[in-house]
Structures are given as C-alpha cells and as structure tokens.
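The lines below spell out each chain.
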Amino acid sequence: MLKSRLFSLSLPSIIAISSVLGMGALSSVSAQIVAQEGMPEATEVPDDDPSDPNNLRPLTQGDSLLSLQGGEKLMNEATEAINQENYDLAVNKLQQARKVFNQLSNFHLQLANSFSGINTEVYDAQRASALKTGEMRDTATYQLALVHRAQDQPELAVPLLVQIIRSQNPTTDLGKKSYQQLYELGFVDVPFADEAQAATSN
C-alpha cells in the first residue's frame, strides 16, 4: 500500500542514472598480439576517460562520494530501496545524496564567484555545475519528502518541501509539485496555479 502511494506521488522520472563507469577494459585483437610478442600493451584511452583505472583524477571515479557520479549512485541505491519497500534505507541514502549534492553545489558556486571577472569560461562552467548539482540536491530532497510522507511522517516532509520552494521558487516544476504536496498534507489552505496556468484554465 505504501509502495503504490509512494510511486503515485513521485516525480515522473525518479532519476535516471546515465553514467556508465567501470565498463570493460581494452581487450582488442591488436592489444593481444602486442602482449603475445612481449611488447608493452598499447592503450589508447583518453587521459580524461573516467573508466580508465590509471586516471589520476580521483573525483571522476564512481566510487568517490564527492562527485556527481557518487551522488547519482546514492540516488540509484535509494530507488532500489524504495522498490523493495525498505524505506529506512531509502531515507539514509537520500540524506547522503542531499549532502553530497549540496556540498558540490556550494563548492562550485564558491569557485564561480572566485573567478567572476577573471575568467569567463571557468566562471560559466562552475556556475552551470552549481546549478546542476543544486537541482539534483532539490530532487533528492523531494524524494526524501515523499518517503517521509509514505511513512506517515508529514512533520518531517513539510520542512523539506518548504526548502525546495525557497531554492527552486514556486513557478518551477519541482516548486509546484512541492507546494501541491504541502496542500495535500493540509499545511497550506490555498491551492497554487501560476498566471500561465490560470490563463489557460480561464
């Protein structure tokens, strides 16, 4: 019952994990021939390939928590826990994911501010990363609120939903969904429709 309720409340797509790390490692015919001849095996993996175990940029690896991939892994584990109705584990994973994405967003924003007026390319890249990880933090927060609601703990869901609205603003998709949750919980009394929705309905 909880499971069906949770999924009726969740986002249309709970988070699609698209990173494919640790896939296969270089076993081409030419590499086998070189190895048979006793010569060093030639690898043509780009220096920045995150699947390359020799990559010396550790935060591009999926097992690093302070990385986008690490946060996405936690979100994926939370989804699996929800599917198994293990809500306590889901809460734990989502709390960790929120923390990771929040740290990443803050760090990228601090870097963007540091490079403001100095290097436009770095500033724009860091600003974009801050926005992306901030969005993922808010998505994790929304999922956490849904789990709390499924556990009949609205007092834990309400503060999270308010945080999302403050971060996203009420007119974004996630902001609207969060306000709707507050309305369904009875925390707010007035339903919300932005001007575009109101004009359409009229």
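Residues numbered from 1 in each chain as written. Predicted model: local features only at pLDDT ≥ 70, side-chain atom pairs only at ≥ 80, totals over all residues. Heavy atoms only, no water.

## A look at the overall build of the protein chain
Here's step 1: A tally of regular secondary structure across the protein chain gives 8 helices and 0 strands.
Here's step 2: For the protein chain, the succession of helices and strands along the chain, N to C, is α-α-α-α-α-α-α-α.
Here's step 3: Taken over 202 residues, the protein chain has a buried fraction of 32%.
Here's step 4: Once local pairs closer than 6 in sequence are excluded, the contacts in the protein chain between residues at least 24 apart make up 56%.
Here's step 5: Accessible surface, the protein chain as shown: approximately 12,400 Å² in total, 52% of it carbon and sulfur. (Helix = DSSP H or I, 4+ residues; strand = E, 2+ residues; numbered from the N terminus. Buried < 20%, exposed > 50% of the residue type's maximum accessible area, 1.4 Å probe, protein only. Contact = heavy atoms within 4.5 Å. Areas by Shrake-Rupley, 256 points an atom, 1.4 Å probe, with all protein chains shown as cover.)

## Overview of the side chain of R149
Here's step 1: Examined against the element boundaries, R149 turns out to sit in helix α5 (residues 120-150).
Here's step 2: By relative accessible area, which is 10% here, R149 ends up buried.
Here's step 3: A distance of 2.8 Å separates the side chain of R149 from the side chain of E184, its partner in a polar contact. (Polar contact = N/O pair within 3.5 Å; in protein donor to acceptor, adjacent residues only side chain to side chain.)

## Describing helix α4 (residues 87-115)
Each full turn of the α-helix corresponds to 3.6 residues, which orients residues three or four apart in the same direction.
Here's step 1: The terminal C-alpha atoms of α4 lie 42 Å apart, and with 29 residues this matches the ideal 42 Å at 1.5 Å per residue to within 8%.
Here's step 2: Following α4 by one or two positions, G117 has its phi on the positive side, about 80°. (Expected span 1.5 Å × (residues − 1).)

## Quick word on the pattern of salt bridges
Two side chains carrying opposite charge are able to pair once their charged atoms lie near each other.
Here's step 1: Considering all chains together, one arrives at 3 salt bridges under this definition.
Here's step 2: Residue E77 is joined to K93 by a salt bridge in which the shortest nitrogen-to-oxygen separation is 3.0 Å. Of this pair, E77 sits in helix α3 (residues 68-83) while K93 sits in helix α4, and the two are 16 residues apart along the sequence.
Here's step 3: The exposure class of E77 is partly exposed, given its relative accessible area of 23%.
Here's step 4: Between E184 and R149 there is a salt bridge; the shortest N-O distance is 2.8 Å. Of this pair, E184 sits in helix α7 (residues 173-185) while R149 is found in helix α5, placing the two residues 35 residues apart along the sequence. (Salt bridge = Lys/Arg side-chain N within 4 Å of Asp/Glu carboxyl O.)

## What to know about the confidence of the model for the protein chain
Here's step 1: Summary statistics for the protein chain give a mean pLDDT of 77 and a share of 64% for residues scoring 70 or more.
Here's step 2: Considering only residues more than four positions removed or in separate chains, one finds that residues 1-47, a stretch of pLDDT under 50, has 53 contacts.
Here's step 3: Ignoring residues within four places in sequence, the model shows residues 198-202, a span with pLDDT below 50, making 0 contacts including any to other chains. (pLDDT = per-residue confidence, 0-100.)

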